[in-house]
Amino acid sequence: MDLVTRIMTFLGDVAFEVLDYFSPLWALVILSALTGVAMLLIWRHTSNQDAIADVRRQISAHLLASRLFKDDLSVTFRAQRQIIWQALRLMGHSIRPMLIMTVPFVLIMVQIGLRYEFRPMPVGQVTRVKVTMKDPGKTRGHGDQLKLPDGMVAAANDPCRAIPIGTIDWRLTPRVGGTHMLKFGNGGDVIELPVIAGDGFVRLSKFRGGSFFQRLLYSAEPSIPDSSAFASIEVFYPQRSTAIAGFDVHWLITLLVLSIVFALVFKPFFKVHI
Amino acid sequence: MKSNACITKRQKANTSTGRRSRIADPGLRVVLLLGLFVLPITGCDKISGASGKSKSTHKKVCIIGCDGMDPKLVRQMIDEGRLPNLARLEREGGFRPLGTSIPPQSPVAWSNFITGAGPGVHGIFDFIHRDPGKQAAPYFSTNRIVDEDRPDPIKIGQYAVPKEMLLPWVKGAENELLRRGTPFWEYLDERGIPVQMYKLPANYPPSKSSHGHACCLAGMGVPDAFGSQGIFQHFTTKPGRDSKSPEGYKLHLRQTEASGAFSGRIWGPPNEMHVKAADLFVDLKAYPDPVNKVAKLVIVNQNVTGDEEVELILDEGQWSDWTDIRFLKTPVGPTFSVMARFLLQKVRPDVEIYMTPLNFIPAAPEIVFSEPPGFATEIADAIGPYHTQGFAEAFNARKAKLLSDEEYHVQADLILDESLRMMDYALDRYEDGVLFFYFSSTDLQAHIFWWDSDARHPFRTPAQAKKYMGVIEDLYVRMDDAVGRCRAKLGEDVTYIVMSDHGFANFGRCVGLCTWLRNEGYLFAKQSVVLDTDWSKTRAYGLGINGLYLNLKGREKHGIVDPTEKDALLTEISQKLLNLKDPITGQKVIRRIYRADECYSGPEAVNAPDLIIGYDRNYRASWKTCIGEFDSDVIFDNDNAWSADHCMAHDLVPGIVFSNRAILADAPELIDLAPSILSIYGVTAPSQMTGVNIFAAPPDELAAR
């Protein structure tokens, strides 16, 4: 898991080094185009193109039949039945490429999501950070030590320890933008998490540790060692939304719509049957 | 059009070679699709900016409604130089006390403002009305749920599915606005003059805009999620029993052995999809920090897909932001989503949490409280969530002594801050026509903090009474500043009207009208007019804040007073009441008594109380009188935090009116404002309106009235 995360994060960082020259929205458009093309290529090489082409021809033929013989009910019904059957065949041919495509698509999504899902901690405003201990009994006196970096202050009454559930919360206010390293714990069991304050599209890890999906979807950080008393650290970065024509649109919807559009547009170039 | 023409030329050129045509096509599709999808990304701001403000074609009128703003205090503060913007309005156009409604209660007064006519026309006589057909069954005067024709639901096990949910042609329950008469903006709406009203009282459910030029966010009258005027919930870890009343719930958090958390329930309204209408609830958990004055609250929202925990970290004395609370009506949905704010009052020795009444989420409301319905959502999109419940200030919790004066002050100021944000939005959006903006703070802070005499306050020391009266003075300064902000934003080409529906007076002593009626042998009941009255003997009863009704034969279901005896009985009761004296001070407690058949005219006058009691300064109906219950004494101290009021004789508590346009009337009244606004647009006041134009009415016309 850590190796995959490291590789994908490295590739993501390289890609965004280049994309940083564009505005975030144009970067998303370019990524959508690349994703659309990548989907097309994967589809072409993992699907049975001949069979799909055959199905498409069959559907066209039956559509034509139902149009030409619309006065003949038996022909029309037979054609309709065949169209449904061919559509089911088409879906069947799509399963394998779709499943294969899911893996790289999710990995790409994660890398984009790390940059587009959340905004950095706003300077001068409170952002919550939550630490969860593996053993709730250790909440008191073990995980409640936080070494604050310069340029970051915690609320006066922090931390808030919910002992029965083993969580410790801080409300942190960055005074300056940039990357701040948070260090939790004391003695040898210290867990670090870089947090970023300010503006811009930068890679943000919402979690360190946590469940499999939390680590897969929201983190570029290494997992927490098994020997540590910490289960996870979560930073409540504010959600980011993208304004398109006055509407708040989630980046994932933008990416999905645009990548499908690009896939359809580039389909003739790559001679792919979808 | 230009780009289309361009593409067409290119397409034509490409048809010369078939191969090139096929290659060029996808390229063009890229350009087109990118254009369709991407150009709005980069150009959206400019596009909306271009279509922003249209050319102004209508006159501009801006009305600031400050509920309960008192002319005496305003006069004093202007003379002290503390209200410069109002002073400027007075210099430019005028300032007058504004004659209020009979009785001077907000729903009555604002209905006078809206219709330009009295209660005989709009039919609102009190906060509480009674249905004579059901004898003395009380109901909230401004709106009611009509569900007599609602079909029985389809029962599936312990759940009941309302038929209207499955069958679109089946009519469900409907919310009816009980205010009659035509609101003034309809006459502007039909002439295409835009009218925007924010938090307008006595207009829930909001009346429809027939021509689409009026939009209104309803204010006072909009219920909370229970359909009430505001049920708070208070949680404590102190041992005790839960109690629920129409004002609020006092609930307990209990420590569970399994989790160690303090757990309780946030209650919602009865579940209409449960055969027994069991109350909805979600779990609330509290985790106080063992050392620091901070706690984590966890609200366990319900979803079809599973529970979702919302966590709040609050310092002692800190208010949360608006927090969504989601109840699941059945295991397969639907959900009922509302929102509330939490105040962590104490962490130790016991955790104490106050939760506001459940408000609707304005971005996705469960009920309609604006016209058009999307207006409420537009506001929320611009300024974030806001109080939707009409009475937003937490006076019930203050009355129940669950909030301190300071906590109430902070909460009320949060509402004022929110109102000012909404006003800024309204000013940004306003182009022309009528803009009305309402502030509740001047009323609901005054009810708790007003005390303008040296007389003994029921429970505050003189120093405290003075300190909190200072809160009201500071509030008036903020209102003055709001007027200044309007002028700075909208400029001088606008008619400004700053008005209030009534003023204020101390409320130190309660009058138990029902108790008096019982003592005098007019009313025979043990506990309550509503519950156990012997109607075969009862000749008169009290209900509402100022209302006194006869048990009239032919009108009340069990009426016994013959209509021929009505006049004599009313005279007898009136004379006795006017002679009623406070046993401590010897002062008469009732200043005036109004007979409905003398002071009201119009089609709705038949529904009015027979007598409207005009209490003297410092006196008002007791709390129990309002709901038809009895006190141990007739006249006694008001030891309630609600220590100021206006439900008295109407001449004691006039409102205010300021304008930068010359006010020619010497004694303007609330009912005059609607015809005055219409006159600015050249619209003649319709016959329904009994008010006159204060900007142009000849003095003799007003004098004649």
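Data block above holds the structure.
Residues numbered from 1 in each chain as written. Chains lettered and ligands numbered in written order. Predicted model: local features only at pLDDT ≥ 70, side-chain atom pairs only at ≥ 80, totals over all residues. Heavy atoms only, no water.

Asks: What's the story with the pattern of salt bridges in this structure? I'm lost.
Replies: Pairs can form between side chains of opposite charge whenever their charged atoms are close. All names here are of chain B. Applying the stated criterion to the full structure yields 59 salt bridges over all chains. Note that E418 and K199 form a salt bridge whose closest N and O atoms lie 3.9 Å from each other. Taken together, the residues span a long stretch of sequence, with E418 in helix 11 (residues 405-429) and K199 in strand 9 (residues 195-200) at a distance of 219 residues. Note on accessibility: E418 and K199 belong to one class, buried. E308 is the salt-bridge partner of R326, the closest N and O atoms lying 2.5 Å from each other. (Salt bridge = Lys/Arg side-chain N within 4 Å of Asp/Glu carboxyl O. Helix = DSSP H or I, 4+ residues; strand = E, 2+ residues; numbered from the N terminus. Buried < 20%, exposed > 50% of the residue type's maximum accessible area, 1.4 Å probe, protein only.)

Asks: What should I look at first to understand the interface of chain B and chain A in this one?
Replies: Quoted interface sizes are often the accessible area lost when the parts come together. Taken together, the 30 residues of chain B in the interface contact 31 residues of chain A. In total, about 2,500 Å² of surface goes out of reach between chain B and chain A, with carbon and sulfur atoms giving 69% of it. Applying the counting rule to chain B against chain A returns 5 salt bridges. A salt bridge links E311 of chain B to R128 of chain A; its shortest N-O distance comes to 2.1 Å. Where chain B meets chain A, there are 11 residue pairs in polar contact (both at pLDDT 80 or more). Looking at the side of chain B that touches chain A, the elements with two or more residues in it are helix 2 (18-50), strand 16 (279-288), strand 17 (294-301) and strand 18 (308-315) of chain B. The greatest single-element share of the side of chain B that touches chain A, amounting to 12 residues, is contributed by helix 2 of chain B. (Contact = heavy atoms within 4.5 Å. Buried area = accessible area lost by both parts, 1.4 Å probe. Polar contact = N/O pair within 3.5 Å; in protein donor to acceptor, adjacent residues only side chain to side chain.)

Asks: Help me understand the side chain of D501 of chain B in this model?
Replies: Residues and elements named next belong to chain B. Here D501 is to be found in the loop between strand 26 (495-499) and strand 27 (505-511). In terms of polar contacts, D501 uses its side chain to reach the backbone amide nitrogen of G68, at 2.9 Å. Polar contacts involving the side chain of D501 include one to the side chain of W110, which spans 2.9 Å. When near neighbours in sequence (up to four residues on either side) are disregarded, D501 contacts C66, D67, G68, T100, S106, A109, W110, G655 and L670.

Asks: When you look at the layout of surface pockets in this model, what are you seeing that I'm missing?
Replies: Taken as a whole, the second largest pocket spans an internal volume of roughly 1,500 Å³. Looking at the second largest pocket, it is lined by 40 residues, and the ones nearest its centre are E311, L312, D321, W322 and T323 of chain B. Of all the elements in the fold, those that place two or more residues in the lining of the second largest pocket are strand 1 (127-133) of chain A together with strand 18, strand 19 (323-328), helix 9 (374-383) and helix 11 of chain B. The element contributing the most residues to the lining of the second largest pocket is strand 18 of chain B, with 7 residues. For the lining of the second largest pocket, the class distribution of residues is 20 nonpolar, 7 polar and 13 charged. (1 Å grid on protein atoms, 1.4 Å probe; cavity = no way out; pocket = protein on both sides within 12 Å on 5 of 7 lines; lining within 4 Å. Points joined across faces, edges and corners; volume = space filled by probe spheres on them. Nonpolar A, V, L, I, M, F, W, Y, C, P; charged D, E, K, R; others polar.)

Asks: Where do I start with empty space enclosed by the protein in this structure?
Replies: Taking a probe equal in size to a water molecule and rolling it over the atoms shows the remaining empty space. Residues and elements named next belong to chain A. Tallied over the full model, the rule gives 6 cavities of 30 Å³ or more. In this structure, the largest cavity spans a volume of roughly 110 Å³. Here the residues of the lining of the largest cavity are counted per class, giving 8 nonpolar, 6 polar and 2 charged. In terms of lining residues, the second largest cavity is bounded by 10 residues, among which T5, M8, L107, V110 and L216 are the most central. Looking at the lining of the second largest cavity, the elements that each hand over two or more residues are helix 1 (2-19), helix 4 (73-116) and helix 5 (212-218). Per-domain counts for the lining of the second largest cavity show at least three residues from each of domain 1 (2-117 + 247-270) and domain 2 (127-235). (Domains from an automatic or database assignment.)

Asks: Mind showing me how you'd approach the environment of S679 of chain B here?
Replies: Along the polypeptide, S679 of chain B turns up in helix 20 (residues 673-680). Taking the C-alpha atoms as reference points, S679 of chain B and R254 of chain B, separated by 425 residues in sequence, lie 62 Å from one another.

Asks: What is the right way to read the packing of helix 1 of chain A against helix 4 of chain A from this model?
Replies: Each pair of packed helices can be summarised by the angle the axes make with each other and by the distance between the axes. Residues and elements named next belong to chain A. One way to put it is that helix 1 packs onto helix 4 with a least axis distance of 10 Å and a crossing angle of 60°. The pairing of helix 1 with helix 4 is recorded here as oblique in orientation. In this structure, helix 1 meets helix 4 at a crossing whose hand is right-handed. In this structure, helix 1 contributes V4, M8, T9, G12, D13 and F16 to the contact, and helix 4 contributes L107, I108, Q111, I112, R115 and Y116. Across the contact of helix 1 with helix 4, the residue classes break down as 7 nonpolar, 3 polar and 2 charged. (Axes fitted to C-alpha atoms, helices over the stretch in contact; angles between N-to-C directions. Parallel < 35°, antiparallel > 145°, perpendicular 65-115°, else oblique. Left-handed = near helix turned anticlockwise from the far one by under 90°.)

Asks: Looking at this structure, how should I read unusual backbone geometry?
Replies: Both trends apply: most residues other than glycine have a negative phi, and most peptide bonds are in trans. All names here are of chain B. Each neighbour pair has its own omega, and for I102 with P103 the value is -5°, a cis peptide bond. Here P103 lies in the loop between strand 2 (94-98) and helix 5 (106-115). Of note, K199 is a non-glycine position whose phi angle comes to about 60°, a positive value. Given a relative accessible area of 10%, K199 falls into the buried group. In the Ramachandran plot, K401 falls in the positive-phi region, its phi being about 60° despite a non-glycine side chain. Residue position: K401 is located in the loop between helix 10 (395-399) and helix 11. On the basis of relative accessibility, which here comes to 64%, the residue K401 falls in the exposed class.

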